[in-house]
Amino acid sequence: MKTRVNEVTLCYKEKRSVLQSKGITCAKDGASIAFEHWNKNTIGFQEHFKVLLLNNSNKVKGIYEVSSGGITGTLVDIRIVFALILKSLSTAIILVHNHPSGKLTPSLADKQLTQKIKSAAEFFDIKVLDHLILSPDGDFYSFAENALL
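Residues numbered from 1 in each chain as written. Predicted model: local features only at pLDDT ≥ 70, side-chain atom pairs only at ≥ 80, totals over all residues. Heavy atoms only, no water.

Caption draft 1: Geometry of a nonpolar patch on the surface. Where nonpolar side chains cluster on the molecular surface, the patch consists of Leu86, Phe123 and Phe124 and spans about 330 Å² of accessible area. Structurally, Phe124 is set in the loop between α3 (108–123) and β4 (127–134). (Patch = residues over 30% accessible without salt bridge, like charges linked within 9 Å, V, L, I, M, F, W, Y side chains within 5 Å. Areas by Shrake-Rupley, 256 points an atom, 1.4 Å probe, with all protein chains shown as cover. Salt bridge = Lys/Arg side-chain N within 4 Å of Asp/Glu carboxyl O. Helix = DSSP H or I, 4+ residues; strand = E, 2+ residues; numbered from the N terminus.)

Take a look at the structure:
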């Protein structure tokens, strides 16, 4: 008797050449791209967590919303984060989430999640370049610039 299992296929399609995308050279570049792809109607309403996927030249391959939550938090499943990173063959990432309150200070949960993702990323030789917190007024906080990475 033959055992039947599901076949898994992987697919990554570029709508736009990565070579044409902007390279990330500093936290401000990452924040600018993240703000461009954020819904301005909800940034002050509910928390979202996204990942900027980068190639080896720190050019943006894409941005993906991993989760959306409530007013004070969102649940991030790092298995989904890594499925996304590995599927897109990204070599570096920038984590991004917003604080609807406008308070830019990272919470203990923010710090722990960042460290957990960074530790897992090291196993795959993936660089976590930054974790950005965005506020509704257009300001941002960078973990890298504040020596938290």
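Caption draft 2: Here's a closer look at the nonpolar core. Among the nonpolar cores identified, the biggest contains 17 residues, and Phe49, Val51, Phe82, Ile93 and Ile117 are the most heavily contacted of them. Among the secondary structure elements, those contributing two or more residues to this core are β1 (48–54), α2 (78–87), β3 (92–98) and α3. Top contributing element to this core by residue count: α2, with five residues. Once you skip the residues sitting within four places of it in the chain, Phe49 turns out to touch Tyr64, Glu65, Val66, Ser67, Thr74, Val76, Leu95, Val96, His97, Leu113, Ile117 and His131. Ala31, Val60, Ala92 and Ile94 belong to the second-largest nonpolar core, a separate cluster that totals 16 residues. (Core = buried A, V, L, I, M, F, W, Y, C linked by side-chain atoms within 4.5 Å. Buried < 20%, exposed > 50% of the residue type's maximum accessible area, 1.4 Å probe, protein only. Contact = heavy atoms within 4.5 Å.)

Caption draft 3: Representation of the environment of Ser21 within the structure. Following the sequence through the fold, Ser21 ends up in the segment before α1 (27–36). Here Ser21 falls in the buried class, since its relative accessible area comes to 10%. Separated by 41 residues in the primary sequence, Ser21 and Gly62 have C-alpha atoms spaced 9.2 Å apart.

Caption draft 4: Molecular detail of the sheet that holds strand β2 (residues 60–68). Across the sheet, five strands lie side by side as β2-β1-β3-β4-β5; this open sheet has mixed pairing. The open sheet terminates on both sides in strands that have one partner only, identified here as β2 and β5 (140–142). Adjacent strand axes in the sheet meet at a mean angle of 20°, parallel and antiparallel pairs treated alike. Two strands pair when backbone bridges link them, and β4 and β5 are joined in this way by three bridges, in the antiparallel orientation. Bridged to Leu134 within β5 is Phe140. Its contacts with the sheet place α1 against β1, β2, β3, β4 and β5, and it is angled at close to 60° to β4. (Pairing = 2+ DSSP bridges. Axes fitted to C-alpha atoms, helices over the stretch in contact; angles between N-to-C directions.)

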